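Architecture at a glance
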There are 2 protein chains.
Amino acid sequence: MKVDVIPTVNEARVEKLTGRSVVVIDVLRCSSTIVTAFIAGCREIIPVETCGQAYSFRDEQTLLAGERFCKKVQGFDFSNSPTEIKDQQLGGKRLVISTTNGTRAIQKSAKSERSFIGSFLNGSSVARELLKYRKDVTLLCAGSRDEFALEDGLCAGFILSKMLELNPALELSDQAFILIAAYQHYESRLLELLLQSTTGKRLLQLGLADDIHWCAKIDVTVFVPVLKDERIFVHPGT
Amino acid sequence: MKVDVIPTVNEARVEKLTGRSVVVIDVLRCSSTIVTAFIAGCREIIPVETCGQAYSFRDEQTLLAGERFCKKVQGFDFSNSPTEIKDQQLGGKRLVISTTNGTRAIQKSAKSERSFIGSFLNGSSVARELLKYRKDVTLLCAGSRDEFALEDGLCAGFILSKMLELNPALELSDQAFILIAAYQHYESRLLELLLQSTTGKRLLQLGLADDIHWCAKIDVTVFVPVLKDERIFVHPGT
């Protein structure tokens, strides 16, 4: 079982996705927001690229979440903020989400065999799910503003470390070796590193420290969101 | 002082090079070969892209080294092999070198303020040299076949770790944080990791284990090759 990492969404080429299990990782904050929305009871999530597409979905059962340059989109219900969404009653509701990098990465991942949403909040469950399907794996780090993002790389390292614990025979790419080591090196001070990351510093300046603190939490849930027909679900019972 | 890393030569954009000190890192094997040639007494090295260019330089004082897909080019004196070159008498000679990725990275680096050649063999001296010039730094990892290469990333992490020891106030990019951690995690078993890397495995299959063993050696020399007017020198006395 081969395991590879794509460091930014710009580098996501089809041959690294086709026939594989893919995990989209955008820790700050899209994938953390998606996982959190399911914790809050959300039924399904529709990732869209443009704000116009998001508005077209609005109805009584549908709420809109999203950001452009870390700020809430006008007319949306929520920002792309997991802590804002954590305290909502989303029971049975549908969420439409549009962000700068995360939703683009999710759409690219649709070319894979099976596409999951990963974060620190659900990393160990993602690792177990990937091993269950026995397909080669690509961890697709969204990155930020076309650059590699520390928090996504560390989360990839976290998921890879968990996979290796369960199956030491994985065939790791060069990038995978690096990220496993980086995660294990920083494991005891993840929050500190997230606060020092480029995206972390940007969110701090906007007064969004709570989001960083939440997104650095490990294995808060067993939910593993999966993309199917352009919608994101969690299996009942997971 | 900002410090950034470019993970593969394909990602080397001009804005990350201009006005900066740049270190070209192609551990297996171009930058290790260049450093080794100076240890063997070589006077200057001319990196060229094509074999035709290399042939045009040939004279009594000039030897040709290079590879395509890890194998010696026909008509050249040496392969791109540091252990082959280590035992030569190159006193006062000029070496023309042409490799698949390394020489391309060197040529890209010419857009910088100052361009050095880095490897495990001279990493600590490279770190000291970078700090001396007080310019922002870019470590340009050559990579292999358009992919990130483990050995280049670990060497970048080594040079960055040494810089940080001497100047803890460096402003690190997200990639730099990752590679420092990876180097420190694997520090005690560098050779083992180089043997497991994609390039390492390829060289092993070709019977070139000696080169990997040599390239994994730390601080064998204080020579810091520098690129000037399309030629590579070392300062007398370094």
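Counting of residues starts from 1 at the beginning of each chain's written sequence and follows it residue by residue. To label them, take the chains in the order written and letter them from A, then take the ligands in the order written and number them from 1. Selection of residues for local features in this predicted model requires a pLDDT of at least 70, selection of side-chain atom pairs for listing and counting requires 80 or more, and totals for whole chains, interfaces and linings are taken over all residues. The basis for every side-chain value is the complete set of non-hydrogen atoms in the structure, without hydrogens or water.

The subject of this paragraph is the overall build of chain A. Working definition: helices are DSSP H or I runs of at least four residues, strands are E runs of at least two. Numbering for both runs from the N terminus. In terms of helices and strands, chain A carries ten helices and eleven strands. We take the radius of gyration over the C-alpha atoms and set the globule estimate at 2.2 Å times the residue count to the 0.38 power. A globule of 238 residues ought to have a C-alpha radius of gyration of about 18 Å, and chain A, at 16 Å, matches this closely. Buried, partly exposed and exposed residues are distinguished by accessible area as a fraction of the type maximum, computed with a 1.4 Å probe on protein chains only: under 20%, between the cut-offs, and over 50%, respectively. A total of 238 residues make up chain A; the buried ones form 59% of that total. Here, residues are in contact when the closest pair of their heavy atoms is within 4.5 Å. Restricting the contact set of chain A to residue pairs at least 6 apart, pairs at least 24 apart contribute 75%.

What follows deals with the pairing of strand E7 (residues 114-118) of chain B. For a regular strand, side-chain orientation follows a simple rule: the groups alternate between the two sheet faces. Residue and element names in this part refer to chain B. Most of E7 sits inside the fold, with four of its five residues counted as buried. A pair of strands is considered paired only if DSSP assigns at least 2 bridges between the two. Bridging between strand E2 (residues 21-25) and E7 involves five bridges; their strand directions are parallel. Across the sheet, residue Val 22 finds its bridge partner in E7, namely Ser 115. Bridge count for E7 against strand E10 (residues 226-228) is two bridges, and the pairing is antiparallel. Within E10, the position partnered with Ser 115 by the bridge is Leu 227.

Right, let's get into helix H1 (residues 30-39) of chain A. Summarising burial for H1(A): nine of the ten residues are buried, a large majority. Taken as a whole, H1(A) has its buried residues at A:Cys30, A:Ser31, A:Ser32, A:Thr33, A:Ile34, A:Val35, A:Thr36, A:Ala37 and A:Phe38.

Turning next to the interface of chain B and chain A. Counting residues at the interface gives 24 residues for chain B and 24 residues for chain A. Once two parts are put together, the accessible area they lose, assessed with a 1.4 Å probe and summed over both, is termed the buried area. Taken as a group, B:Asp174, B:Phe177 and B:Ile178 account for 31% of the area that chain B buries against chain A, more than any other trio of residues on that side. A side-chain nitrogen of Lys or Arg and a carboxyl oxygen of Asp or Glu constitute a salt bridge if their distance falls within 4 Å. Connecting chain B to chain A are two salt bridges. With its nearest N and O atoms 3.2 Å apart, the salt bridge here joins B:Lys16 to A:Glu147. N or O atoms within 3.5 Å of each other form a polar contact, as long as, within protein, one can give a hydrogen and the other can take it, and as long as residues adjacent in sequence are counted only when both atoms are side-chain atoms. Here chain B is connected to chain A by ten residue pairs in polar contact (both at pLDDT 80 or more). Listing elements by their share of the side of chain B that touches chain A, those giving two or more residues are helix H6 (150-166), helix H7 (174-186) and helix H8 (190-196) of chain B. Top element by residues in the side of chain B that touches chain A is H7(B). It accounts for ten residues. In this classification, the charged set is Asp, Glu, Lys and Arg, the nonpolar set is Ala, Val, Leu, Ile, Met, Phe, Trp, Tyr, Cys and Pro, and all remaining amino acids, among them Gly, are polar. Of the residues in the side of chain B that touches chain A, the class split is eleven nonpolar, six polar and seven charged.

Turning our attention to helix H6 (residues 150-166) of chain A. Here H6(A) is 17 residues long and its end C-alpha atoms lie 25 Å apart, about the 24 Å a rise of 1.5 Å per residue gives. With 13 of its 17 residues buried, H6(A) lies for the most part within the structure. Multiply 1.5 Å by the residue count of a helix minus one, and that product is the helix's expected span.

What follows concerns the relation of the copies chain B and chain A. Each copy of the chain is related to the other by a rotation around an axis and a translation along that axis. Overlaying chain B with chain A gives an RMSD of 0.0 Å, the required rotation being 180° about an axis along which the chain moves by 0.0 Å. When the rotation and shift are considered jointly, the pair of chain copies conforms to a two-fold rotation axis. When C-alpha distances to the rotation axis are compared across chain B, the minimum falls at B:Ala182, with a value of 2.5 Å. In this assembly the copies share their binding face: 100% of the residues contributing to the interface of chain B also contribute to that of chain A. When the copies are superposed, the least-squares fit takes in the C-alpha atoms of residues with a pLDDT of at least 70 in both.

With that settled, consider the environment of A:Ser197. Looking at where A:Ser197 falls in the secondary structure, it is placed in the loop between helix H8 (190-196) and helix H9 (198-205). By relative accessible area, which is 0% here, A:Ser197 ends up buried. Among all residues touching A:Ser197, those that are not within four sequence positions of it are A:Leu28, A:Leu150, A:Glu151 and B:Asp174.

This part covers the pairing of strand E6 (residues 94-98) of chain B. All names here are of chain B. Counting buried positions over the five residues of E6 gives five, a clear majority of the element. The side-chain alternation of E6 yields two buried faces, one formed by Arg 94, Val 96 and Ser 98 and the other by Leu 95 and Ile 97. Note that strand E3 (residues 44-47) and E6 share four bridges and pair parallel. Pairing of Ile 46 across the sheet is with Val 96, part of E6. Here five bridges tie strand E4 (residues 62-68) to E6, and the two strands are oriented parallel to one another. Within E6, the residue paired with Leu 64 across the bridge is Val 96.

Now for the nonpolar core. Here, nonpolar core means buried Ala, Val, Leu, Ile, Met, Phe, Trp, Tyr and Cys residues that are tied together by side-chain atoms lying within 4.5 Å of each other. Of all hydrophobic cores here, the largest spans 90 residues; its most connected members are A:Leu139, A:Leu154, A:Ile159, B:Leu139, B:Leu154 and B:Ile159. Aside from chain neighbours lying at most four places away, what touches A:Leu154 is A:Phe120, A:Ala182, A:Tyr183, A:Tyr186, A:Leu190, A:Leu193, A:Leu194 and B:Ile178. The next biggest cluster of nonpolar side chains, apart from the first, holds 31 residues, and it includes B:Ile6, B:Val35, B:Phe38 and B:Ala65.

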